[in-house]
Amino acid sequence: MGIFKSIKSFILGEKPPKKKKENNIDKQKSDDKGVESKIISKSKTSKENNLKQKFLQKKLEPESKPDQEIELESKPELKIEPEPDQELKLVSKPELKEEQEPEQKPEQKPEQKSEQEPEQEPATTNTLDNGLEKTKKSFFSKLSNLFVGKDKVDVDVLDELEEVLITSDVGVETTIEIINNIEVRVSKEKYVGKSELNNILKEEISKILINENSNLNFDNSTIFSPYVIMVVGVNGAGKTTTIGKLAHAYKNQGKKVMLGASDTFRAAAINQLQVWADRVGVKLIKQQMGSDPASVAFDTLKAAKSQNIDIVIIDTAGRLHNKINLMNELSKIKRVMDKIIPESPHEVILVLDGSTGQNAFEQAKQFSSATDVNSLAITKLDGTAKGGVVLGISHQFKIPVKYIGIGEKIEDLKLFDPKSFVESFFR
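In this text, all values refer to a predicted model and were calculated from it rather than measured experimentally. (Residues numbered from 1 in each chain as written. Predicted model: local features only at pLDDT ≥ 70, side-chain atom pairs only at ≥ 80, totals over all residues. Heavy atoms only, no water.)

Can you explain the overall build of the protein? Please cite residues and give values.
Within the protein, the secondary structure is distributed over 17 helices and 8 strands. Nonlocal contacts in the protein, meaning residues at least 24 apart in sequence, comprise 75% of its contacts between residues at least 6 apart. (Helix = DSSP H or I, 4+ residues; strand = E, 2+ residues; numbered from the N terminus. Contact = heavy atoms within 4.5 Å.)

Run through the pattern of salt bridges, naming residues and quoting values.
Oppositely charged side chains are able to pair whenever their charged atoms sit close together. Applying the stated criterion across every chain, the model contains 12 salt bridges. Among the salt bridges present, the one from Lys-402 reaches Glu-347, with a minimum N-O distance of 3.1 Å. Of this pair, Lys-402 sits in strand 7 (residues 401–405) while Glu-347 sits in strand 5 (residues 347–353); the two residues are 55 residues apart in sequence, bridging distant segments of the chain. For the pair Lys-402 and Glu-347, a shared accessibility class is recorded, and that class is buried. When salt bridges with common partners are traced through the structure, they connect Arg-185, Glu-203, Glu-204 and Lys-207 into a single cluster. (Salt bridge = Lys/Arg side-chain N within 4 Å of Asp/Glu carboxyl O. Buried < 20%, exposed > 50% of the residue type's maximum accessible area, 1.4 Å probe, protein only.)

Help me get a handle on a negative patch on the surface, residues and values and all.
On the surface, Asp-159, Glu-160, Glu-163 and Glu-183 cluster together to form a negatively charged patch. Considering every element that reaches the negative patch, the biggest residue donor is helix 8 (residues 155–167), with 3 residues. Locating Glu-160 in the fold gives a position in helix 8. With a relative accessible area of 32%, Glu-160 lands in the partly exposed category. (Patch = residues over 30% accessible without salt bridge, like charges linked within 9 Å, V, L, I, M, F, W, Y side chains within 5 Å. Areas by Shrake-Rupley, 256 points an atom, 1.4 Å probe, with all protein chains shown as cover. Lys, Arg positive; Asp, Glu negative; His and termini not counted. Charge placed at Lys NZ, Arg CZ, Asp CG, Glu CD.)

So what about empty space enclosed by the protein? Which residues, and what values?
One pass over the full model with this rule turns up 1 cavity of 30 Å³ or more. Volume-wise, the largest cavity comes out at about 110 Å³. As for the largest cavity, its lining consists of Thr-135, Phe-139, Leu-165, Ser-168, Val-170, Ile-205, Gly-387, Gly-388, Leu-391, Phe-421 and Phe-425. Of all the secondary-structure elements, those providing two or more residues to the lining of the largest cavity are helix 7 (133–144) and helix 17 (418–425). In the lining of the largest cavity, the residues fall into 7 nonpolar, 4 polar and no charged. (1 Å grid on protein atoms, 1.4 Å probe; cavity = no way out; pocket = protein on both sides within 12 Å on 5 of 7 lines; lining within 4 Å. Points joined across faces, edges and corners; volume = space filled by probe spheres on them. Nonpolar A, V, L, I, M, F, W, Y, C, P; charged D, E, K, R; others polar.)

Which residues make up the confidence of the model for the protein, and what values do they have?
Looking at the protein, pLDDT values average 74 and 66% of them are 70 or higher. Every residue in residues 18–44 scores below 50 in pLDDT, and together they form 20 contacts with partners more than four places removed in sequence or on other chains. Confidence drops under pLDDT 50 across residues 58–123; counting only partners more than four residues distant or on other chains, this segment forms 10 contacts. (pLDDT = per-residue confidence, 0-100.)

Any chance you could break down the nonpolar core for me, citing the residues and the numbers?
Among the nonpolar cores identified, the biggest contains 95 residues, and Leu-259 and Ile-313 are the most heavily contacted of them. Once you skip the residues sitting within four places of it in the chain, Ile-313 turns out to touch Ile-229, Val-231, Ile-243, Leu-246, Ala-247, Val-257, Met-258, Leu-259 and Gly-260. (Core = buried A, V, L, I, M, F, W, Y, C linked by side-chain atoms within 4.5 Å.)

Could you give an account of the side chain of Thr-240, naming the residues involved and the relevant values?
Tracing the sequence through the fold places Thr-240 in helix 11 (residues 239–252). Assessed through its relative accessible area of 7%, Thr-240 is described here as buried. Dropping the residues within four chain positions of it, Thr-240 is found in contact with Gln-272, Leu-273, Trp-276 and Asp-315.

Provide a residue-level description of the pairing of strand 6 (residues 375–379), including the pertinent values.
Taking burial as the measure, the 5 residues of strand 6 include 5 buried ones, the bulk of the element. Burial along strand 6 is two-sided: the residues Ser-375, Ala-377 and Thr-379 and Leu-376 and Ile-378 are all buried. As paired elements, strand 5 and strand 6 share 5 bridges and run parallel to each other. Pairing of Leu-350 across the sheet is with Leu-376, part of strand 6. Bridging between strand 6 and strand 7 involves 3 bridges; their strand directions are parallel. Each bridged residue has a counterpart across the sheet, and for Ala-377 the counterpart in strand 7 is Tyr-403. (Pairing = 2+ DSSP bridges.)

Right under this line is the structure:
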């Protein structure tokens, strides 16, 4: 049979199957070719067994190949599977971060805003503390030296305290009153140490500031419409900057503000005021350099009245060649304004540079004698160790301090509060 099949395959051009060759090769290894042919011809049972063996071999061989292929395929699958697993892990991590970040940020930000917006006082106290830092360091460093080698207040300590107050530009009159009050209290108490002296000093300074500033009304702008403010002060004291910051503060209150450039002696003054007007977003009435200051004030009030302006701030010249010229100029401006709006100006603010020390006292003396100064604005307190001028000028000239400048930012012109000022000073 095998011969005929081979002849048939040879004639038809068919190649013998590889499986039979492999089986024949296996047969050659296990038994001789002659023995197998004799065994196959002798018995049918042996043929069936051989056929079974061949059938089993045929099954095992094709099955083994796919097994190997499965193993080979499973290996790359194992290699590929951890890679997507890792990718999933990597993707899951940023997803967690992205979920956490938006959850934390919106929760924290609104909470902080909601806490900070109504609590404006701590922000103000922090700004005040920073503004008075130099004055506090200078004053308390001198004060701490009073008790070197001593544990209680005596005559020598009070003499040195008097010197500390005068060198801090508190003023002679104010210093004498403070020392006299402390002597009275020390005589009543048996023992007064450093901490007790600080408390007494704090109480005496608070008493003076509160008494001088108790009659100041911050709501006058609601009585008159328009409310006219005339700002006076020497050049370089921060007058133009104070006007710009004051305009910004009133505008934030919803007021319509107009500025008048009546300092016509300096071209720089008009240009600086224009810069501030543009920055704040308010109107400015001006004329050429050398014009009559009273005519600028006249045009400003006339325009303010026709345009229903709420607040009018008039800048004035700050030259002090002699007191007579200054007095005449300011008096003329006031007369012209009174003709258009009766009782105007409603407020006269004197701007003083807190860093000038005793020069600020002289300026306050000159301007208070030239015109009726209603309130003070003391600037540049953040850059000086002479913050005592706030106490001395207010007490000596009986003029309340309304504003203090404690920084260069547009929001750094603050309403003066005697209690918070003293608390910050002794904090």
